[in-house]
Amino acid sequence: EGKFADQILPEQIHILNVAFLVPTMRREFGGCAGNIAYNLNLLGGDPIIMATVGGDATPYMNRLNQLKIDASHIRQIENAFTAQAMITTDQANNQITAFHPGAMGESHLNQVSAVVAERSKNAKGAAKFVIRIPLYASRSSIPASKNSSF
């Protein structure tokens, strides 16, 4: 608990080596694509998520299924982790973020034009737009911060 400024000394920034006790931590479903799809779904829309996830995405995929959000264009790479961000926030709302791209490194394999073409042929009609962004975000905080993910 506390502030980063209490631990990071300006005169010693060239030898930065810190560790923080993280008394609370939570994992959120979310990420940009998931949050936008969730809210479009709440508004009665029919969102398409195009993304790449890792072999660890089963809870996320189950959540999308539970919410009846189409996950048919999410590519799963079994031998990778889903992209994740670990965000640590201090009492002054300063943040330190560590990001692992994981399966997102294979997102170039996703073809927007194929999804649009497929969507225009089926009963749902043509896609208006596609969201193509990483899915997971993990947050740790000092103290817990608010999050608006689904």
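The text that follows walks through the structure, step by step, so that each part is easy to find. What you see as residue numbers is a count from 1 along each chain, following the sequence as written. For this predicted model, a pLDDT threshold of at least 70 governs which residues receive local features, and a threshold of 80 or more governs which side-chain atom pairs are given and counted, while totals over whole chains, interfaces and linings are taken from all residues. Side-chain metrics in this entry use all non-hydrogen atoms of the structure; hydrogen atoms and water are not considered.

1. Notes on the overall build of the protein
Next, step 1: Looking only at helices and strands, the protein has three helices and six strands in total.
Next, step 2: Helix numbers and strand numbers start at the N terminus; a helix is a DSSP run of H or I with at least 4 residues, a strand a run of E with at least 2. Starting at the N terminus and walking to the C terminus, you meet the elements of the protein as β-α-β-α-β-β-β-α-β.
Next, step 3: In this scheme, a residue with accessible area under 20% of its type's maximum is buried, one over 50% is exposed, and one in between is partly exposed, where area comes from a 1.4 Å probe on protein chains only. The buried share of the protein, taken over its 150 residues, is 34%.
Next, step 4: Between two residues, a contact is recorded if the distance between any of their heavy atoms is within 4.5 Å. When contacts within the protein are restricted to residue pairs at least 6 apart in sequence, those whose partners lie at least 24 apart make up 70%.

2. Comments concerning the pattern of salt bridges
Next, step 1: Salt bridge, as applied in this entry: a Lys or Arg side-chain nitrogen positioned within 4 Å of an Asp or Glu carboxyl oxygen. In the structure shown here, the tally under the stated rule is one salt bridge.
Next, step 2: One salt bridge in this structure joins E28 and R26, with 2.4 Å as the shortest N-O distance.

3. Digging into the nonpolar core
Next, step 1: Counting residues in each nonpolar core, the largest one holds 11 residues, listed as A33, A37, I49, A51, V53, A57, Y60, L64, I69, A71 and I74.
Next, step 2: Contributions of two or more residues to this core are made by helix 1 (31–42), strand 2 (51–54) and helix 2 (58–66). Only buried residues count toward a nonpolar core, which is a set of Ala, Val, Leu, Ile, Met, Phe, Trp, Tyr and Cys residues joined through side-chain atoms within 4.5 Å.

4. A short note on helix 2
Next, step 1: Among all positions in helix 2, only Y60, R63 and L64 are buried. Looking straight down helix 2, one finds its buried side chains confined to an arc of 100°; they lie on one side. Exposed residues lying more than 90 degrees from the buried face of helix 2 are N65 and Q66.
Next, step 2: Taken together, the buried residues of helix 2 touch helix 1 and strand 3 (74–77).
Next, step 3: After helix 2 finishes, the residue K68 shows a positive phi value of roughly 60°. Think of the arc as the fan of directions from the helix axis to the C-beta atoms.

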